[in-house]
Amino acid sequence: KQEVTQIPAALSVPEGENLVLNCSFTDSAIYNLQWFRQDPGKGLTSLLLIQSSQREQTSGRLNASLDKSSGRSTLYIAASQPGDSATYLCAVKWGSGGSYIPTFGRGTSLIVHP
Amino acid sequence: GAGVSQSPSNKVTEKGKDVELRCDPISGHTALYWYRQSLGQGLEFLIYFQGNSAPDKSGLPSDRFSAERTGGSVSTLTIQRTQQEDSAVYLCASSLRRTGMFGYTEAFFGQGTRLTVV
């Protein structure tokens, strides 16, 4: 079964810390992997998309890496700020069977306190 | 449009009534997905459209749930005889199908419809 797991479920850090959020997936034959941010009561905002042929993507203070062989992706947030507080979701697309449907992890709830 | 648009943003309905939720995807996006997010839960896949056809309906929780898409654009998710357990945020996403090495591009989500069944 193709599953996505995110650890930790919740994280609280002081402002300024560099932090790493983890996403692991079964079945390394992924199509792509996407990181999202969700603020309370809101929809999902796309942060970074990594194709299966890529190893990392960067946007501002965010860096996402992909290691298919170990079934892992990490989202690195540099110099965290209170405005980064949100739930971070990882979604994986597998192409097997032609489904291409993003499967989501349960998310990591991040609080950055001043 | 500039983004994925969902309406209504909030819906309160009485148990047993039917509801319709609407999703307007980004113009030109051929793939459309419906998900459900219950309080404290992850995103639960409901149904996927490619154009007007739904190759995967495996996530629909019961036959009270149905969805259609017309003109390769707007999609409607209908819940008949709503139950309290249907209360959740219903999210719609779209992506541009593109053949070749990179296949599908990233998925973009709407703000969701918060459904409350009382």
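See the structure above.
Now for a description of the structure that goes with this document. (Residues numbered from 1 in each chain as written. Chains lettered and ligands numbered in written order. Predicted model: local features only at pLDDT ≥ 70, side-chain atom pairs only at ≥ 80, totals over all residues. Heavy atoms only, no water.)

Section: the overall build of chain A
Logical step 1: Along the backbone of chain A there are zero helices and 11 strands.
Logical step 2: For chain A, the N- to C-terminal ordering of α and β elements is β-β-β-β-β-β-β-β-β-β-β.
Logical step 3: By the compact-globule yardstick of 13 Å for 114 residues, chain A fits well, its C-alpha radius of gyration being 14 Å.
Logical step 4: Each principal axis of the C-alpha distribution contributes one length, and for chain A these read about 45 × 30 × 20 Å.
Logical step 5: About 5100 Å² of surface is accessible on chain A, with carbon and sulfur atoms providing 49% of the total.
Logical step 6: Computed over 9 positive and 8 negative side-chain charges, the separation of the two mean positions in chain A equals 6 Å. (Helix = DSSP H or I, 4+ residues; strand = E, 2+ residues; numbered from the N terminus. Rg over C-alpha atoms; globule rule 2.2 N^0.38 Å. Areas by Shrake-Rupley, 256 points an atom, 1.4 Å probe, with all protein chains shown as cover. Lys, Arg positive; Asp, Glu negative; His and termini not counted. Charge placed at Lys NZ, Arg CZ, Asp CG, Glu CD.)

Quick word on the sheet that holds strand β6 (residues 56–59) of chain A
All names here are of chain A.
Logical step 1: Overall, antiparallel pairing links the five strands, which are arranged β1-β3-β8-β7-β6 in an open sheet. Taken across any chain shown, the strands that pair with only one partner, and hence form the sheet edges, are β1 (4–7) and β6. Adjacent strand axes in the sheet meet at a mean angle of 15° when their direction is disregarded.
Logical step 2: When strand β3 (residues 19–25) meets strand β8 (residues 72–77), the two strands line up antiparallel, connected through six bridges. Bridge assignment links serine 24 to a residue of β8, and that residue is arginine 72. (Pairing = 2+ DSSP bridges. Axes fitted to C-alpha atoms, helices over the stretch in contact; angles between N-to-C directions.)

A look at the side chain of Thr113(B)
Residue and element names in this part refer to chain B.
Logical step 1: Of note, threonine 113 is situated in strand β11 (residues 113–117).
Logical step 2: Among the residues examined, threonine 113 registers a relative accessible area of 0% and is labelled buried.
Logical step 3: For threonine 113, the side chain forms a polar contact with the main-chain oxygen of proline 8, separated by 2.5 Å.
Logical step 4: Among all residues touching threonine 113, those that are not within four sequence positions of it are Gln6, Ser7, Pro8, Ser9, Lys11, Leu21, Ala88, Val89 and Tyr90. (Buried < 20%, exposed > 50% of the residue type's maximum accessible area, 1.4 Å probe, protein only. Polar contact = N/O pair within 3.5 Å; in protein donor to acceptor, adjacent residues only side chain to side chain. Contact = heavy atoms within 4.5 Å.)

Looking at the nonpolar core
Logical step 1: Judged by nonpolar contacts, the single largest core of 23 residues is most densely connected at Phe25(A), Leu33(A), Trp35(A), Leu75(A), Ile77(A) and Val92(A).
Logical step 2: Elements represented by at least two residues in this core include exactly β3, β4 (30–38), β5 (44–51), β7 (62–67), β8, β9 (86–94) and β11 (108–113) of chain A.
Logical step 3: Take this core: its biggest share by element is five residues, from β9(A).
Logical step 4: When sequence neighbours within four positions are dropped, the list of residues in contact with Leu75(A) reads Leu19(A), Val20(A), Leu21(A), Trp35(A), Leu47(A), Leu48(A), Leu62(A), Asn63(A), Ala64(A) and Tyr88(A).
Logical step 5: Counting 19 residues, the second-largest nonpolar core is a separate cluster that includes Leu21(B), Phe49(B), Cys92(B) and Val117(B). (Core = buried A, V, L, I, M, F, W, Y, C linked by side-chain atoms within 4.5 Å.)

Here we look at the sheet that holds strand β3 (residues 19–24) of chain B
Residue and element names in this part refer to chain B.
Logical step 1: The four strands lie next to each other as β1-β3-β8-β7, forming an open sheet whose pairing is antiparallel. Across the chains shown, the open sheet's two edge strands, defined by having one partner strand only, are β1 (5–7) and β7 (65–69). When strand polarity is set aside, the average angle formed by the axes of neighbouring strands in this sheet is 15°.
Logical step 2: Summarising the sheet, β1 and β3 pair through three bridges and their orientation is antiparallel. In the sheet register, glutamine 6 faces β3, and the bridge partner there is cysteine 23.

It is worth stressing that arrangement in space is one thing and function is another; only the former is reported here.
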